[in-house]
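Observations on the model geometry
Letter by letter, the chains look like this.
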Amino acid sequence: MDQVTAWLEGVSARELLRVDGYARQFRYEGPVLGGSQEWTREVLERSTTAAALACMHPDGRVRERALRMLARSDSSLSDRMIAVRVGDHVAAVSTLASQAVLSRTSPVHAAAILPILQRHQSRHRAADSGDVYLETLVRAYGADQTWEALRCSADRDLRRFAFRRSVELGMLDSVAAADLLPRERDQVVRSLLTHVIADQADPPTIRAVLLRARSAESRVLGLLRLHASELEAGDVAPLLVDSSVLVRLWARRRWQELGQDPTQAYRDLIRSAPTPTKQARAYVGLAESGSAIERVEVLGLVHATEPALQKVGLRLLVGQASHADVPDLLALVRSPHSGIARLASTVLAAHPNLWALDQIADLKSDADSEIRRRAWWLHRGRGGWESLIADLELLHDAEPSLAVLGRQPSAPMYFEPTDVQRERITGLLADATISREQKLGIALAAGLPDVVDMLRARPPRPPAEPAF
C-alpha cells in the first residue's frame, strides 16, 4: 500500500487521468478494481489509499462513497483524487468534488489540485474548473503571489501554462525574463522568455542575453531584432560559425551590413579556429556563403584525422566525386565512426555511375553485420530492380535482425529487368523467406513465367501433418 500511495502521488497529472480512464473502462471479464460489493465501508475506511483506488471504480455509487471519505482527509493524495473526480460524468460525483476542491485553497492544496484541473480544460466536462479555482486563489492571495507560485510548479504543463498566462497578463517584464532565461531548461518556457526580451528589452540587453543564449531560437531572434547599427563585429563574428544554420544565415546578413566580407571572415576563422569543430563549421559557412572550395582542399578534409573535418569534407564532396575517389570512399564505409560511414555512403549513392556492384561484394560478405547492412543500403540505393534484388539478398543473411529488413521487397513499376537481373531474381526467389503471394507478385512483375507456374502449383499453405 505504501508503494501504491507513492505511485499515485508521484505520477503526473496527465498520466493520472489516463490511469483513471483505464480503470473505469468496461470489460467483459469484470472491472479492473473488482466488483462493487467488494468496496464495503470497512474497506473504504481502512486507508486514504483504499478510498483513492475506489474513487476510480466504474460504479458511480462506489466513487461517490469513496469521494466522501477522501473529503475528510487532508493528504496530498486526497487532493489529487478529488480533483480527478471534478470531471466525472456523474453529476452527483462532480458536484461533490467541485465543492470539496473549492474548500482547499491553501498553497499546499493548490500545488496538488491545479495541475489536474488544468488538464480538465482540454476536455468537455469541467473545462472551466481550473479558471474558477484560479479566481478563488487570486482573491485569497493576490495575482502576483499566485502566479509566482504557479511558475515554480513541479508539474511541467501547469508551469508552462503559468508562464504563458503571466506573459499575457503583463506580469513578466523583460528584466525578470532576462534574469530567468540563462537558468531555464524547459524549451517552451525558454521560447516565451525569449520573445519577452526581444519585444521589450533595449538593444544592450538583447545583445548580452539573446546573442549568447543556449537556444538557437534566442540567438536568431536577437539577430532579427537588432539592426546593424546596434551591433558590433565582436557580437556577430562568433555567430558566423554557430551550430544552427539559421543563426549562420542571419549572422552573414548582419556581417555584410556591417561592411564586412563573409568569405574573408570564414577564411580567417579556418586558419585561427581553436578546435576542429569550429574549423569544420567555418568550412560549412564558407560553402553556404556561395564561395567555391577547391577539390584539392575538399580531399584534404576527407583524409583528415579529425572526424569533424572528415564529415565536412564528405558533405562537400557530393557533386565533386570522381572514379579516383571510389576506393577511399569504400574504405570509409567500413569506418567505426557511423557518421563518417553514413556520409561516405551518401557520396557513393549520389554517384552510382562511378562504381559497380562487384566493388561492394566484400562489404556484403563481411563478418560484421553492421558492414553488411551498409552494403545493403548502398545496393538498395541504386533503385529500380536492384533495390528488390538487394532486399532478396538480405533475406538470406544469417543475422535475424538484419534479414528482417528485407521482408517487404517490392517490384518497381513501368520498366522491365534485364536478363541478368531476371536470372538473379529467379535464384533468390526459390528459398526466400517471404509469403507465396509476395513471390507471385514479384515473379509476375519481373516476367518469369516458369517461376509463376511453379508457385501456382504449390498449395497456398503447407499440408498439415496427420496426428496419430
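Preceding this section is the structure that the text describes.
Notes on the structure follow. It should be emphasised that the depicted structure is a prediction, and the values quoted were computed from it without experimental measurement.

What counts as what
Residues numbered from 1 in each chain as written. Predicted model: local features only at pLDDT ≥ 70, side-chain atom pairs only at ≥ 80, totals over all residues. Heavy atoms only, no water. Axes fitted to C-alpha atoms, helices over the stretch in contact; angles between N-to-C directions. Helix = DSSP H or I, 4+ residues; strand = E, 2+ residues; numbered from the N terminus. Parallel < 35°, antiparallel > 145°, perpendicular 65-115°, else oblique. Left-handed = near helix turned anticlockwise from the far one by under 90°. Contact = heavy atoms within 4.5 Å. Nonpolar A, V, L, I, M, F, W, Y, C, P; charged D, E, K, R; others polar. Polar contact = N/O pair within 3.5 Å; in protein donor to acceptor, adjacent residues only side chain to side chain. Core = buried A, V, L, I, M, F, W, Y, C linked by side-chain atoms within 4.5 Å. Buried < 20%, exposed > 50% of the residue type's maximum accessible area, 1.4 Å probe, protein only. Expected span 1.5 Å × (residues − 1). Arc of directions from axis to C-beta.

As for the packing of helix α10 (residues 143-151) against helix α11 (residues 156-168)
Interaxial distance between α10 and α11 falls to 8 Å at its minimum, and their mutual angle equals 140°. Classed by the angle they form, the pair α10 and α11 counts as oblique. Between α10 and α11 lies a crossing whose hand is left-handed. Of the residues in α11, those in contact with Trp 147, Leu 150 and Arg 151 of α10 are Leu 158, Arg 159, Phe 161, Ala 162, Phe 163, Arg 165 and Ser 166. Grouping the amino acids of the contact of α10 with α11 by side-chain chemistry returns 6 nonpolar, 1 polar and 3 charged.

Description of the side chain of Arg 159
Relative to the elements of secondary structure, Arg 159 occurs in helix α11. Polar contacts involving the side chain of Arg 159 include one to the side chain of Glu 184, which spans 2.8 Å. In this view, Arg 159 contacts Leu 150, Arg 151, Ser 153, Glu 184, Asp 186 and Val 189; residues no more than four positions away in its chain are not counted.

Points about the nonpolar core
Counting 64 residues, the largest nonpolar core has Ile 197, Leu 314, Leu 348 and Leu 363 as its most contacted members. Excluding residues within four positions of it along the chain, Leu 314 makes contact with Val 302, Leu 329, Leu 332, Ile 340, Leu 343, Ala 344 and Val 347. Counting residues in hydrophobic clusters, the runner-up holds 45 residues, among them Leu 8, Trp 39, Ala 100 and Phe 161.

A look at helix α9 (residues 129-141)
The end-to-end C-alpha distance of α9, which contains 13 residues, comes to 18 Å, matching closely the 18 Å that a straight helix rising 1.5 Å per residue would cover. Every buried residue belonging to α9 is among Ser 129, Gly 130, Tyr 133, Leu 134, Thr 136 and Leu 137, and all of these are buried. For α9, the arc enclosing every buried residue in end-on projection is 160°, short of the 170-degree limit, so these residues lie on one face. Looking at the buried residues of α9, the elements they touch are α7 (91-102), α8 (107-120), α10 and α11. Looking one or two residues past α9, Gly 142 carries a phi angle of roughly 90°, positive in sign.

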